[in-house]
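# Structural overview
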Amino acid sequence: MPLDHKPVPAEPAEPAEPRTGAARPAASGSAPRVRAAGRAVDPAPLGVAWSVRSPGPWTHRDLAANGARFHIAEAGEGPLVLMVHGWPEYWWAWRHQLTALAEAGYRAVALDLRGVGGSDRTPRGYDPGNLALDITGVIRSLGERRAHLVGHAAGGSLAWVAAVMRPSVIRSLTVVSAAHPRHLRRALLTDRRQIAALEHVVGFQRPWIPERRLVADNGALVGDYLNSWTGPHRLSSEAISAYRQAIQIPSTAHCSIEPYRWLLRSLARPDGIQFARRMKKPITAPTLHVQGAADPVLLAHTALGAGEYVEAPYRWRLLPDVGHFPHEETPDEFTEELVSWIRQHGD
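A brief look at the structure comes next. Not measured: the values here are computed from a predicted model.

Rules used throughout
Residues numbered from 1 in each chain as written. Predicted model: local features only at pLDDT ≥ 70, side-chain atom pairs only at ≥ 80, totals over all residues. Heavy atoms only, no water. Helix = DSSP H or I, 4+ residues; strand = E, 2+ residues; numbered from the N terminus. Buried < 20%, exposed > 50% of the residue type's maximum accessible area, 1.4 Å probe, protein only. Contact = heavy atoms within 4.5 Å. Areas by Shrake-Rupley, 256 points an atom, 1.4 Å probe, with all protein chains shown as cover. Arc of directions from axis to C-beta. Core = buried A, V, L, I, M, F, W, Y, C linked by side-chain atoms within 4.5 Å. Phe/Tyr/Trp six-rings, centres within 6.5 Å; stacked < 30°, edge-to-face > 60°. Pairing = 2+ DSSP bridges. Axes fitted to C-alpha atoms, helices over the stretch in contact; angles between N-to-C directions.

## Observations concerning the overall build of the chain
Secondary structure assignment for the chain yields 13 helices and 12 strands. Every one of the 347 residues in the chain was classed for burial, and the buried ones make up 58%. Pairs at least 24 residues apart make up 73% of the contacts formed inside the chain by residues separated by at least 6 positions. Summing over all exposed atoms, the chain offers an accessible surface of approximately 13,900 Å²; the carbon and sulfur share of this is 52%.

Right under this line is the structure:
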């Protein structure tokens, strides 16, 4: 069975309401549904194995880059916009932006990071430098020299790194719910409020126990995280069900938290100190920095001030009453902001 498939018990064929949501097991037989092009599309029929390769107005394919295989979903034609998800999401987090960017005249691509979704789960390679090279390698594998890069949370942190390591590849940068790596490092060393907000990351440092907790009860803990990390605009039951399913793909729980283990364990190690020094290099790509004012995971004051590392147009956008997932909580407002920024910096 492919890595991105998980058995789902058969259900009776008569019509029924989808049984999704954090309060019920995610593997209940009703596959999460993708809202696209004005209608809901089931990722798989009832009784068929759930898959991350949800059908919709996009194309799925695999690419080789930086020594691994990566799954992408793409739609549209035009300048490339590459979108990178955060934790505990996968490419489907960008479903709203995929269709909107394609309609706006862009080649929109949503990537599954190493260890997540339909991409390879390698035994190593989860430090930020290597993960950033995954991203820039995918851009080249797509046949493009440059791209507009969009990243959320962990994907946003990697977007900062990619813009430093391969500046010629990044046409514009959009970072969502992610502090500059140097600001985050400082907060993890000195800010008790931010450390408390990342309590789950501290818990990830234990061996094996976090992985077992994440997959227990059909990924119920992931649903709890998602519900507690949003503002007034809650994620849909379909989205929560999809992410609960995705964490249960074999090895995903382990691989997806390895970058967080590196983050804390490297603080006093030579590789972590060297990485922090490297991130002093200024970013030359125009940068849009989006932050939810009600984000309980990355506090707004931690994200604030990243413009000191950007030697290009920089815009800070703080969204009131929005939590950790602006692209899903208020997709229309976020997408309008994103498309406007990309159009301004298309050259």
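## Concerning helix 10 (residues 270–278)
Every buried residue of helix 10 is accounted for by Gly272, Phe275 and Ala276. Taken down its axis, helix 10 places every buried residue within 100 degrees of arc, on the same side. Along helix 10, the residues that are exposed and aim more than 90 degrees away from the buried face are Pro270, Gln274 and Arg277.

## Considering the nonpolar core
If you look at the biggest cluster of nonpolar residues, it comprises 58 residues, and the most contacted ones within it are Trp87, Tyr90, Trp91, Leu101, Leu214 and Tyr243. Top element by residues in this core is helix 8 (residues 237–247). It accounts for 6 residues. Ignoring anything within four residues of it in the chain, the contact list for Trp91 reads Val52, Ser54, Trp58, His60, His71, Ala73, His85, Leu98, Ala110, Leu111 and Asp112. Grouped together as the second largest cluster of nonpolar side chains are 41 residues, Ile72, Trp160, Ala178 and Ala285 included.

## Let's talk about the packing of aromatic side chains
Across all of its chains, the model carries 12 aromatic pairs by this definition. On the numbers, 5.3 Å between centres and 75 degrees between planes, the contact of Trp58 with Trp91 is edge-to-face. Taken together, the residues span a long stretch of sequence, with Trp58 in the loop between strand 4 (50–51) and strand 5 (59–65) and Trp91 in the loop between strand 7 (80–84) and helix 1 (95–103) at a distance of 33 residues. Assessed through its relative accessible area of 0%, Trp91 is described here as buried. Between Tyr225 and Trp229 the ring centres are 4.9 Å apart and the planes differ by 20 degrees, which places this aromatic pair in the stacked class. Comparing Tyr225 with Trp229, the two get one shared label, buried. Every member of this aromatic cluster is reached through a ring pair, and the members are Trp58, Tyr90, Trp91, Trp92 and Tyr243.

## Examining the sheet that holds strand 11 (residues 287–292)
Strands sit in the order 5-6-8-7-9-10-11-12 across an open sheet of 8 strands; the sheet is mixed. Whereas interior strands pair on both sides, the edge strands pair on one side only; in this sheet they are strand 5 and strand 12 (314–319). Recorded for the sheet is a direction-independent mean angle of 20 degrees between the axes of neighbouring strands. Here strand 9 (residues 147–152) pairs with strand 10 (residues 170–176) via 6 bridges, running parallel. Its bridge partner lying in strand 10, His152 is registered against Val176.

Remember that the coordinates give geometry; whether it matters functionally is a separate question.
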